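Observations on the model geometry
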Amino acid sequence: MNYQTSLDFLFQALPMFQRVGGAAFKKDLSNTLKLCAHLGNPQHKFKSIHIAGTNGKGSTAHALAAVLQAAGYTTGLYTSPHLKSFRERIKINGIEIPENEVVQFVEANKDYLLELKPSFFEMTVALSFAYFAKQGIDYAVIETGMGGRFDSTNVIHPLLSIITNIGFDHEQFLGDTLNKIAFEKAGIIKEHVPVVIGQTHDKTASVFRSIAADRKANIIFADQSLKVNFTGYNRQSKDKSLAQYSLSGSAATVANLELDLLGSYQAKNLPAIIVALNQLNALGLQLHPEHIKEGLSHIITNTGLKGRWQILSSEPLTICDTGHNADGIQEIIDQLSVLKGQQKLYMILGMVKDKAHYKVLEKLPKDAEYFFCQADQPRSMPARELQSLATELGLKVEVIENVNQARMAAEKKATKEDLIFIGGSTFVVAEINDL
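The model shown is predicted, which means the values in this text are computed figures rather than measured ones. (Residues numbered from 1 in each chain as written. Predicted model: local features only at pLDDT ≥ 70, side-chain atom pairs only at ≥ 80, totals over all residues. Heavy atoms only, no water.)

Remarks on the packing of aromatic side chains
The condition that has to hold: Aromatic pairs are defined between Phe, Tyr and Trp rings, using the six-membered ring for Trp, whenever the two ring centres lie within 6.5 Å; interplanar angles under 30 degrees are classed as stacked, those over 60 as edge-to-face, and all others as tilted. Segments assigned H or I by DSSP are reported as helices when at least four residues long, segments assigned E as strands when at least two residues long, and all are numbered from the N terminus. Accessibility here uses a 1.4 Å probe with only protein chains present; expressed as a share of the type maximum, an area under 20% marks a residue as buried, one over 50% as exposed, and anything in between as partly exposed.
Here the structure, examined in full by the defined rule, presents 13 aromatic pairs. Relative to Phe121, the ring of Tyr78 lies with its centre 6.0 Å away and its plane at 65°, an arrangement referred to as edge-to-face. Of the two residues, Tyr78 is situated in strand E2 (residues 75-78) and Phe121 in helix H6 (residues 120-135); the sequence distance between them amounts to 43 residues. Phe121 carries the same exposure label as Tyr78, and that label is buried. Between Phe230 and Tyr233, the aromatic rings sit 5.1 Å apart at their centres with planes inclined by 70°, giving edge-to-face as the arrangement. Assessed through its relative accessible area of 25%, Tyr233 is described here as partly exposed. Of the aromatic side chains, those joined through ring pairs into one cluster are Phe46, Phe129, Tyr131 and Phe132.

Topic: the packing of helix H3 (residues 30-38) against H6
Short version of the rule: For helices, the axis comes from a line fit to the C-alpha atoms of the stretch in contact; other axes are also lines fit to C-alpha atoms, and the angle between any two N-to-C directions lies between 0 and 180 degrees. Each crossing gets its hand from how the near helix is turned against the far one by less than a right angle, where anticlockwise is left-handed and clockwise is right-handed. Contacts are residue-level and defined by heavy atoms, with any inter-residue pair within 4.5 Å sufficient. As a working rule, the residues Ala, Val, Leu, Ile, Met, Phe, Trp, Tyr, Cys and Pro are called nonpolar, Asp, Glu, Lys and Arg charged, and the rest polar, with Gly in that last group.
Close contact between H3 and H6 brings their axes to 10 Å; oriented N to C, the two are set at 35°. As H3 runs across H6, the sense of the crossing is right-handed. Touching Asn31, Thr32, Leu35 and Cys36 of H3 are Glu122, Met123, Ala126 and Phe129, all from H6. Within the contact of H3 with H6, the residues separate by chemical class into 5 nonpolar, 2 polar and 1 charged.

So, unusual backbone geometry
A cis amide bond, omega -10°, links Ser80 with the succeeding residue Pro81. Here Pro81 shows up in the loop between E2 and strand E3 (90-92). A cis amide bond links Glu315 to the next residue, Pro316, at an omega of -5°. Here Pro316 shows up in the loop between strand E12 (310-314) and strand E13 (317-320). For Asn93, which is not glycine, the phi torsion reads 50° and is therefore positive. Its location among the elements puts Asn93 in the loop between E3 and strand E4 (95-96).

A closer look at the pattern of salt bridges
Cut-off, in case you're wondering: Should a side-chain nitrogen of Lys or Arg be within 4 Å of a carboxyl oxygen of Asp or Glu, the pair is scored as a salt bridge.
Tallied over the full model, the rule gives 9 salt bridges. The shortest N-O distance in the salt bridge between Lys413 and Glu369 comes to 2.5 Å. You can see Lys413 sitting in helix H16 (residues 403-413) and its partner Glu369 sitting in strand E15 (residues 369-372), a full 44 residues away along the chain. Note that Glu411 and Arg407 form a salt bridge whose closest N and O atoms lie 3.2 Å from each other. Residue Glu411 and its partner Arg407 are located together in helix H16, separated by 4 residues, close to a single helical turn. Overall, the relative accessible area of 31% leaves Glu411 in the partly exposed class. Shared partners join several salt bridges into a network, and the residues in it are Lys344, Glu369, Lys396 and Lys413.

A short note on the pairing of E13
For the record, the criterion: A pair of strands is labelled paired if DSSP reports no fewer than 2 bridges between them.
Examined bridge by bridge, E12 and E13 share 4 bridges and lie antiparallel to one another. When the bridges of E13 are listed, Ser314 appears paired with Leu317. Taken together, E12 and the strand that follows it, E13, pair antiparallel across an intervening segment of 2 residues. Sheet analysis places E13 next to strand E17 (residues 419-423), joined by 4 bridges and oriented parallel. Of the residues in E17, the one forming a bridge with Cys320 is Ile422.

Honestly, that's just the spatial picture; any functional story needs more than this.
So, in structure tokens, the structure goes:
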């Protein structure tokens, strides 16, 4: 087999959530456990940090990995979904898994995989664990795919668990109330393993406290001991800026930080990141203030993260972001409103079928101009159906299905001073040509 035939086997022979949605979702860890056992249980051969949450878990995972790398640790990073390349999901010190490792995994285990018939995600998780164990990493930062309790990554026994926040997303799988969603996310809390909760919420705090108590896990609500404020940008050059934050409270190990992730909504992720780093120090790691500052100012450099408030061009200012549920879109709109001032805002958006479309659309500003598109994959919501819903809400929408053609149309209308945003779906962002 070569790399392409190995990818074809992964993508086509097995169910894949990002293509088919709910048909690939299993409320069962048995396949992952069987596959890991077949591989010699690699998940037990390295130390790990486990991250769940509705929003911010990807940024949090990359931030922690960047700091661990800055401290000199060989760091594995497992995230999903990918934007451009399958190999983005599995990295060590920011370097994507080599093609030959993917080929060797599929070749060595193809017969067993055909017999077991695991999902795409189950197999990808197992591949990451096998690769990390083979390479003898120091630590792995593991992001859940969806939920937590039945997520395939939930076969690890981590040093630390982190739940960034709880909001409405994937309700058809995780439940239609915040309590139910919190219960699923809390499934990653393990016996005697400390857990950091990023954002305290009246409706979910009791769920976390109860499960943590049952499992004798020390629980820390990060935002209760650390306050973070976005203070502006340090524009180092024409092409390089850093977002600046002030920190205060009992958990603040530094007073000020700079991040190369430019979305000011990272202020909501930073309490969990900093408190998690404090907890890792308490567990014996050596993460000094200079490592924290160095790592957080080089998250993109250290890990290769894409699509988080990423500036694509400056005239007009064009930004993309993978935020895709109601809470994520609200954070994006809040920051766009600050940036826009008196200028015109053009938004290029697409969504997938299994999202709460109305909840997102009703948050969109009425004075913006919209181009609706759709990613080239089966889960995409038809752009014209999305247009019909948006028109009922009084939005001005033009349909151009290809995101890059929609961007060109927006650029023709926009002046150099205007603002263009591209997002609404990870898969829309993934199809931007110059990402």
